[in-house]
Amino acid sequence: MRLALVSIAAAGAGAYIRSQQTSGSSTTLNPTRFTPYYLESKEPVSSSGSVFTLRPPHPDESNRAVYDEAWRTGVWSVMFKQPQLQIGRDYTPLPSVSTGEEEDVLRFFIRRDPFGEVSRYLHSLDVGTPIEIRGPRIECPVPSDTQQVLFIAGGTGIAPALQAGYTLLRRTSSTHKPRIHILWANRRREDCAGGINDTTTTTKPERSWFSGISLSKSSTPNPVSPPNSTSSASTTLVSPMVRELEALKSQYPGQVTVDYFVDEENAFIGKNAILELTKSASSSGGSPPRNMILVSGPEGFISYMAGPKLWAQGMELQGPLDGIIRELDLKDWAVWKL
């Protein structure tokens, strides 16, 4: 059923985009061929990641309709091409952070992976370089009656978490106030500098999903200034991703909570954090079709939380539910691996 939902949503978005192509436009984002966009800026987020802003070569009003259709559906991505090796990788666009943001640009949070051919290629590019992309590809529809989303994100998995929040909360009305709870895990504090937990208090450390590499730990964590601080000195200590999460909370007060977990501080997402949020949501009257758990991040992170995804007949499938979420036996929650 879940695979059918994705197929239907993707087919709908694809049909709409193909109808737009009949006008002869060559700069409209579409899932069947690569379109050249240009790298407008790279904003560092940490020592290993940046926010990339891409712009089509010419203003194209059709792109706004393409983006809006994907935003209404759920979590979506576009594929970047590495032309030298003729390979591609999917990345998740970040939602607009303000109403004044230009409608035709796309922004992506991309971490430089020393073993990732596409990410290393992208980080080597200069501003103004053309980049070929195609999409959108619907990763996970968010049903219109969804009331609660628990998003478990690892590293750059915060990008689809912001997407899910943007899609879900746009449906807010006087009678419908959906909520999203985000648990965000990072290896280092610099990746989420300035982030302050909304619900989780300090508990005894639990084992990290990430093992095998020893991270240097200082005896005293670096101090972090609150995200709402107005001084220029403290502003530099706040990660751009944290600022975007704070903006989402400000726009939808009482509907967004975020908790941060940092490996080098011995803070890891464990069963207790998940149980507390799912119990509070279930007690508010949620029913199975209206409660979702989404998991996004590196493959090892997803496997630890919910079991690995599988490949069969050239398609990536969800695979059986496993990991610590299966151990919690959350019958009232639909689980999706991104």
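As the structure is a prediction and not an experimental result, all values here were calculated from the model.

Peer 1: Any chance you could explain helix 4 (residues 158–169) here in plain terms?
Peer 2: Note that an α-helix has 3.6 residues per turn; residues three or four places apart therefore point the same way. An ideal rise of 1.5 Å per residue puts 16 Å on 12 residues; helix 4 measures up with 16 Å between its terminal C-alpha atoms. Helix 4 sits mainly inside the fold: 11 of its 12 residues count as buried.

Peer 1: I keep staring at the nonpolar core and nothing clicks. Help me out?
Peer 2: In globular proteins that are soluble, nonpolar side chains generally tend to be buried together. One finds F151, I180, I182, W184, M241 and L294 to be the most contacted residues of the largest nonpolar core, which totals 35 residues. Mapped onto this core, the elements with two or more residues apiece are strand 8 (148–154), helix 4, strand 9 (179–186), helix 6 (240–251), strand 10 (256–262) and strand 11 (291–296). Split by domain, the residues of this core number at least three in each of domain 1 (27–138) and domain 2 (142–198 + 237–337). Every residue in contact with I180, bar those within four places of it in the chain, is listed here: V149, F151, A161, A164, G165, L168, L169, Q255, V256 and T257. With 23 residues, the next largest nonpolar core counts L54, V66, V78 and I131 among its residues.

Peer 1: It is not clear to me how the environment of S96 should be interpreted in this structure. Could you clarify?
Peer 2: Within the secondary structure, S96 is located in the loop between strand 5 (93–94) and strand 6 (106–111). Look at S96 and you get partly exposed, because its relative accessible area is 33%. Put simply, S96 and L162 are 66 residues apart on the chain and 9.8 Å apart in space, counted from C-alpha to C-alpha.

Peer 1: I would appreciate a short explanation of the pairing of strand 6 in the present structure.
Peer 2: Looking along a regular strand, one sees side chains alternate from face to face of the sheet. For strand 6, a buried count of 5 out of 6 residues is recorded, marking the element as mostly surrounded by other parts of the structure. Relative to strand 6, strand 2 (residues 49–55) runs antiparallel, the two being bridged by 6 bridges. The residue bridging L54 from the neighbouring strand is L106, located in strand 6. When strand 5 meets strand 6, the two strands line up antiparallel, connected through 2 bridges. Counted as the bridge partner of P93 is F108 from strand 6.

Peer 1: Can you help me understand the pairing of strand 7 (residues 130–141) in this one?
Peer 2: Here strand 1 (residues 35–44) pairs with strand 7 via 4 bridges, running antiparallel. Looking at the pairing, P36 lines up with E132 of strand 7. Taken together, the 6 bridges between strand 3 (residues 74–82) and strand 7 define a ladder with antiparallel strand orientation. Residue pairing for strand 7: F80 is matched across the bridge by I133.

Peer 1: Would you explain the UniProt feature "binding site: FAD" (unreviewed entry) in the protein in this entry?
Peer 2: With numbering aligned to this structure, UniProt lists the feature "binding site: FAD" (unreviewed entry) at R89, Y91, V118 and S119. For the annotated residues, spread through 31 residues, the largest C-alpha to C-alpha distance comes to 10.5 Å, consistent with a single compact locus. For R89, a relative accessible area of 42% corresponds to the partly exposed category. Those residues in contact with R89 that lie beyond four places of it in its chain are V78, M79, F80 and V118. Discounting chain neighbours no more than four positions away, the residues touching S119 are Y91, I110, R111, R112 and D113.

Peer 1: Just checking my understanding: could you explain unusual backbone geometry for this structure?
Peer 2: Among all residues save glycine, negative phi is the norm, and among peptide bonds the norm is trans. Put simply, G135 and P136 share a cis peptide bond, and its omega is 0°. Assignment of secondary structure puts P136 in strand 7. In this structure, N266 is a non-glycine residue whose phi angle is positive, near 60°. With respect to the element layout, N266 can be found in the loop between strand 10 and helix 7 (271–282). For N266, a relative accessible area of 35% corresponds to the partly exposed category.

Peer 1: Which parts of the structure should I look at to understand the sheet that holds strand 6?
Peer 2: The strands making up a sheet are joined through hydrogen bonds of the backbone, oriented either antiparallel or parallel. Judged by pairing direction, the sheet is antiparallel, and its 7 strands sit side by side in the order 4-3-7-1-2-6-5 without closing on themselves. Each of the sheet's edge strands pairs with one partner strand only, and the pair in question is strand 4 (87–91) and strand 5. Sheet contacts for helix 2 (residues 61–73): strand 1, strand 3, strand 5, strand 6 and strand 7; angle to strand 3, the most-contacted strand, approximately 130°.

Peer 1: Can you help me understand the pattern of salt bridges in this one?
Peer 2: Oppositely charged side chains can form a pair if their charged atoms are brought close together. All chains considered together, the criterion is met by 16 salt bridges. Note that R243 is salt-bridged to E43, the shortest N-O span being 3.3 Å. In this pair, R243 sits in helix 6 while E43 sits in strand 1, placing the two residues 200 residues apart along the sequence. Given a relative accessible area of 35%, R243 falls into the partly exposed group. Taking the shortest distance from any N to any O, the salt bridge between E117 and R120 comes out at 3.0 Å. Remark: R120 and E117 occur in helix 3 (residues 117–123); sequence separation between them is 3 residues, near one turn of the helix. Using a relative accessible area of 36% as the deciding quantity, one classes E117 as partly exposed. Linked through salt bridges whose partners overlap, the residues forming this network are E40, R55 and D104.

What counts and how
- Residues numbered from 1 in each chain as written.
- Predicted model: local features only at pLDDT ≥ 70, side-chain atom pairs only at ≥ 80, totals over all residues.
- Heavy atoms only, no water.
- Helix = DSSP H or I, 4+ residues; strand = E, 2+ residues; numbered from the N terminus.
- Expected span 1.5 Å × (residues − 1).
- Buried < 20%, exposed > 50% of the residue type's maximum accessible area, 1.4 Å probe, protein only.
- Core = buried A, V, L, I, M, F, W, Y, C linked by side-chain atoms within 4.5 Å.
- Domains from an automatic or database assignment.
- Contact = heavy atoms within 4.5 Å.
- Pairing = 2+ DSSP bridges.
- UniProt positions renumbered as here; feature names shortened; annotations may be inferred.
- Axes fitted to C-alpha atoms, helices over the stretch in contact; angles between N-to-C directions.
- Salt bridge = Lys/Arg side-chain N within 4 Å of Asp/Glu carboxyl O.

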